[in-house]
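So you can see what is in the structure, the chains are spelled out below.
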Amino acid sequence: MKLGIIVYSNDSETVWNAFRLGVFALKEGDVVAAFLLAQGVECRSLDNEKFKVTEAMDQFIAAGGRIQACGTCLKLRDSTDTGVCEISTMQDLYRIARDSDKVLTF
């Protein structure tokens, strides 16, 4: 299955769970692409004692997942460095939605 995950939240627990699901799906043999949108582009700054978001993202990438981030959303936040993500466009988000069997939003 091809799974698309759209992360638009900056809630630590929500984003952590999105990437945990992504890692699980990758280990099951699925193809998973994630797109960070709106507040989701802030995810690298969400780590806390309970929810290690950055660690979950790193595990997602190590398992073969791909993360893209909305360039416009980053620019609105005066940010350009995502650390692990490709800076992308609405066209890239569209492709994820078009090419996925399922799309989940967090």
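In the block above lies the structure referred to throughout.
Below or above, wherever it landed, is the structure these notes cover. Given the structure is predicted, the values throughout are model-derived calculations rather than measurements.

Cut-offs and rules
- Residues numbered from 1 in each chain as written.
- Predicted model: local features only at pLDDT ≥ 70, side-chain atom pairs only at ≥ 80, totals over all residues.
- Heavy atoms only, no water.
- Pairing = 2+ DSSP bridges.
- Helix = DSSP H or I, 4+ residues; strand = E, 2+ residues; numbered from the N terminus.
- Axes fitted to C-alpha atoms, helices over the stretch in contact; angles between N-to-C directions.
- Contact = heavy atoms within 4.5 Å.
- Core = buried A, V, L, I, M, F, W, Y, C linked by side-chain atoms within 4.5 Å.
- Buried < 20%, exposed > 50% of the residue type's maximum accessible area, 1.4 Å probe, protein only.
- 1 Å grid on protein atoms, 1.4 Å probe; cavity = no way out; pocket = protein on both sides within 12 Å on 5 of 7 lines; lining within 4 Å.
- Points joined across faces, edges and corners; volume = space filled by probe spheres on them.
- Polar contact = N/O pair within 3.5 Å; in protein donor to acceptor, adjacent residues only side chain to side chain.
- Disulfide = S-S within 2.5 Å.
- Arc of directions from axis to C-beta.

## What about the sheet that holds strand E5 (residues 102–105)?
Working step 1: Within the open sheet, the five strands sit side by side as E4-E3-E2-E1-E5. Their pairing is parallel. Edge positions in the sheet fall to strand E4 (86–88) and E5, since each has one partner strand and no second. For this sheet, the mean angle separating the axes of adjacent strands, direction not counted, is 25 degrees.
Working step 2: Inspection of the sheet shows strand E3 (residues 66–70) paired to E4 by three bridges, in the parallel sense. The residue bridging Ala69 from the neighbouring strand is Ile87, located in E4.
Working step 3: Strand contacts of helix H2 (residues 53–62): strand E2 (31–36) and E3, with the helix running at about 125 degrees to E3, the strand carrying the most contacts.
Working step 4: Running at roughly 145 degrees to E2, helix H4 (residues 90–99) makes contact with strand E1 (2–7), E2, E3, E4 and E5 of the sheet.

## A closer look at the nonpolar core
One recurring pattern in soluble globular proteins is that nonpolar side chains are buried together.
Working step 1: Core analysis: the largest hydrophobic core is formed by 30 residues, its most contacted members being Phe19, Leu36, Met57, Phe60 and Ile67.
Working step 2: Of all elements in the fold, only E1, helix H1 (12–27), E2, H2, E3, helix H3 (71–76) and H4 reach the threshold of two or more residues within this core.
Working step 3: In terms of residue count, the dominant contributor to this core is H1 (six residues).
Working step 4: If sequence neighbours within four positions are ignored, Phe60 has contacts with Phe19, Gly22, Val23, Leu26, Val32, Ala34, Gly65, Arg66 and Ile67.

## Let's talk about the layout of surface pockets
Working step 1: Taken as a whole, the largest pocket spans an internal volume of roughly 230 Å³.
Working step 2: What lines the largest pocket is Lys2, Leu3, Val31, Val32, Ala33, Arg66, Gln68, Asp92, Arg95, Ile96, Asp99 and Ser100.
Working step 3: Sorting elements by how many residues they give to the lining of the largest pocket places H4 first, with four residues.

## Remarks on the side chain of Asp92
Working step 1: With respect to the helices and strands, the residue Asp92 is situated in helix H4.
Working step 2: Here the side chain of Asp92 touches Thr89 through a polar contact of 2.9 Å, landing on its backbone nitrogen.

## Overview of the state of the cysteines
Working step 1: This structure, assessed with the given rule, holds zero disulfides.
Working step 2: Its sulfur unpaired, Cys73 is 3.1 Å from the next cysteine sulfur, which belongs to Cys70.
Working step 3: The class of Cys73 is buried, set by a relative accessible area of 10%.
Working step 4: Here Cys85 stays unpaired: no disulfide links it, and the sulfur of Cys43, its closest cysteine neighbor, is 5.6 Å away.
Working step 5: The exposure class of Cys85 is buried, given its relative accessible area of 12%.

## Some remarks on H4
Structural remark: α-helix, 3.6 residues per turn; residues separated by three or four positions point the same way.
Working step 1: By the burial criterion, the buried members of H4 are Asp92, Leu93 and Ile96. Projected down its long axis, H4 shows its buried positions confined to an angular sector of 100 degrees, all on one face.
Working step 2: Structurally, H4 contributes buried residues whose contacts are with E1, E2, E3, E4 and E5.
Working step 3: Among the residues of H4, the N-terminal cap falls to Thr89, whose side-chain oxygen and the backbone nitrogen of Gln91 are separated by 3.2 Å.

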